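Understanding the architecture of this molecule
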Amino acid sequence: MLIENFSNLNLSKDFLTNLDSLGYTKLTAIQQKSLPLSLNNSDLIAQAKTGSGKTVAFCIPIINKLNIKNFRIQSLIIAPTRELANQIALEIRKLSRHIHNLKVLTLCGGTPFKPQVLSLSHEAHIIVATPGRVLKHIEQNNIDLENITTLVLDEADKMLDMGFYDDIMQIIDTLPKNRQTLLFSATFEKNIERLASNVLKNPTIVKIENEE
Ligand code: ADP
Ligand code: MG
């Protein structure tokens, strides 16, 4: 039995009120299949076409799980492009309007490096990043990822097409092993399986075929 409405998920009243105000009442197909598992802290590989609501699908468990009083980086979201990273950060800000002081920081290439170092010296709960730039901050010891409890790889297929496999593996090598990992992709090919087998623990695969 699939859950149809956000109100049937185990979310706080304030969270539900905010979702409702954003016009999110019914779950999309990929949200129906993934949220009950991701909210339960499972690792997931989720595949559904563009525009099917995957961003909301991974932002909700991140926000739900966050300890707002702990000003350490708890979630890392890696995305292929700056445009996408900015969209994800915007979605998190909308989805978390009911939480005061939630800090999201984007770390993308094509923007000045030094201001990012300064921002990292302040506190943040969630980082949204492109692979090359976050790796550079890791290499320079600018970023503390010891408290990461959730890693998201968004548009994993695109990141692999862009040649980010090695960067992603190097980033993941520095993360705590005891974490939830969510991998989102529009397609599912052999190279995604290779990535997944190296970074996810007993993942459930959820797929929405085009006609669903
Ligand atoms: P994807 O990552 O799968 O390409 P997005 O996460 O960008 O898709 O979502 C596409 C659009 O659908 C966005 O405008 C988002 O606000 C909207 N959306 C997501 N979930 C829902 C929902 N449950 N109800 C209504 N609109 C939604
Ligand atoms: Mg997406």
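Predicted model, so just to flag it, every value in this text is computed and none were measured.

On to the UniProt feature "short sequence motif: Q motif" (unreviewed entry) in the chain. The UniProt record annotates "short sequence motif: Q motif" (unreviewed entry) at residues 4–32. As a span, residues 4–32 carries 45% helix and 0% strand, and end to end its C-alpha atoms are 7 Å apart.

This part takes up the environment of N86. Tracing the backbone shows N86 in helix 4 (residues 82–95). Measuring from C-alpha to C-alpha, the distance between N86 and D144 comes to 21 Å, with 58 residues separating the pair along the chain.

Let's shift gears to the packing of helix 2 (residues 29–38) against helix 3 (residues 54–65). Direction vectors running N to C along helix 2 and helix 3 enclose 15°, while the axes themselves pass 10 Å from each other. Taken together, the axis directions place helix 2 and helix 3 in an arrangement best described as roughly parallel. The two elements helix 2 and helix 3 meet at a crossing, and its hand is right-handed. Of helix 3, the residues touching helix 2 (which contributes I30, Q31, S34, L35 and S38) are K54, V56, A57, F58, I60 and P61. Grouping the constituent residues of the contact of helix 2 with helix 3 by class yields seven nonpolar, three polar and one charged.

Once that is clear, we can look at the site of ligand 1. By nearness alone, 14 residues border ligand 1, and T50, G53, K54, T55 and V56 come closest of all. The residue inventory of the shell around ligand 1, partitioned by class, reads four nonpolar, eight polar and two charged.

Take the sheet that holds strand 3 (residues 104–107) next. Taken in spatial order, the seven strands of this open sheet run 3-4-2-5-6-1-7, and their pairing is parallel. At either margin of the open sheet sits one strand with a lone partner, and together these are strand 3 and strand 7 (204–207). Neighbour-to-neighbour, the strand axes of the sheet open up by a mean angle of 15°, direction not taken into account. Inspection of the sheet shows strand 3 paired to strand 4 (residues 126–129) by four bridges, in the parallel sense. If you follow L107 over to strand 4, its bridge partner there is A129. The strands touched by helix 4 within the sheet are strand 2 (75–78), strand 3 and strand 4, with strand 3 carrying the most contacts at an inclination of about 180°.

Moving on, we get to the nonpolar core. Note that soluble globular proteins tend to have their nonpolar side chains buried in a common cluster. I78, I127, V128, A129, L153 and L183 are the most contacted members of the largest nonpolar core, which has 56 residues in total. Considering each element in turn, this core owes the most residues, seven residues, to helix 3. Residues contacting I127, with those up to four places away along its chain left out, are I73, L76, L105, L107 and V134.

Moving on, we come to the environment of F184. Examined against the element boundaries, F184 turns out to sit in strand 6 (residues 180–185). Look at F184 and you get buried, because 23 C-beta atoms sit within 10 Å. Setting aside its immediate chain neighbours within four residues, F184 contacts A46, K54, F58, V152, L153, D154, E155 and A156.

Let us now look at unusual backbone geometry. Unusually for a residue other than glycine, N41 sits at a positive phi of about 75°. On the secondary structure map, N41 appears in the loop between helix 2 and strand 1 (44–47). Unusually for a residue other than glycine, N202 sits at a positive phi of about 40°. Among the secondary structure elements, N202 is positioned in the loop between helix 9 (190–199) and strand 7. Of the residues examined, N202 has 6 C-beta atoms within 10 Å and is grouped as exposed.

Procedures and definitions
- Residues numbered from 1 in each chain as written.
- Chains lettered and ligands numbered in written order.
- Predicted model: local features only at pLDDT ≥ 70, side-chain atom pairs only at ≥ 80, totals over all residues.
- UniProt positions renumbered as here; feature names shortened; annotations may be inferred.
- Helix = DSSP H or I, 4+ residues; strand = E, 2+ residues; numbered from the N terminus.
- Axes fitted to C-alpha atoms, helices over the stretch in contact; angles between N-to-C directions.
- Parallel < 35°, antiparallel > 145°, perpendicular 65-115°, else oblique.
- Left-handed = near helix turned anticlockwise from the far one by under 90°.
- Contact = placed C-beta atoms within 7 Å.
- Nonpolar A, V, L, I, M, F, W, Y, C, P; charged D, E, K, R; others polar.
- Near = placed C-beta within 6 Å.
- Pairing = 2+ DSSP bridges.
- Core = buried A, V, L, I, M, F, W, Y, C linked by C-beta atoms within 7 Å.
- Buried ≥ 20, exposed ≤ 12 C-beta atoms within 10 Å, placed from the backbone.

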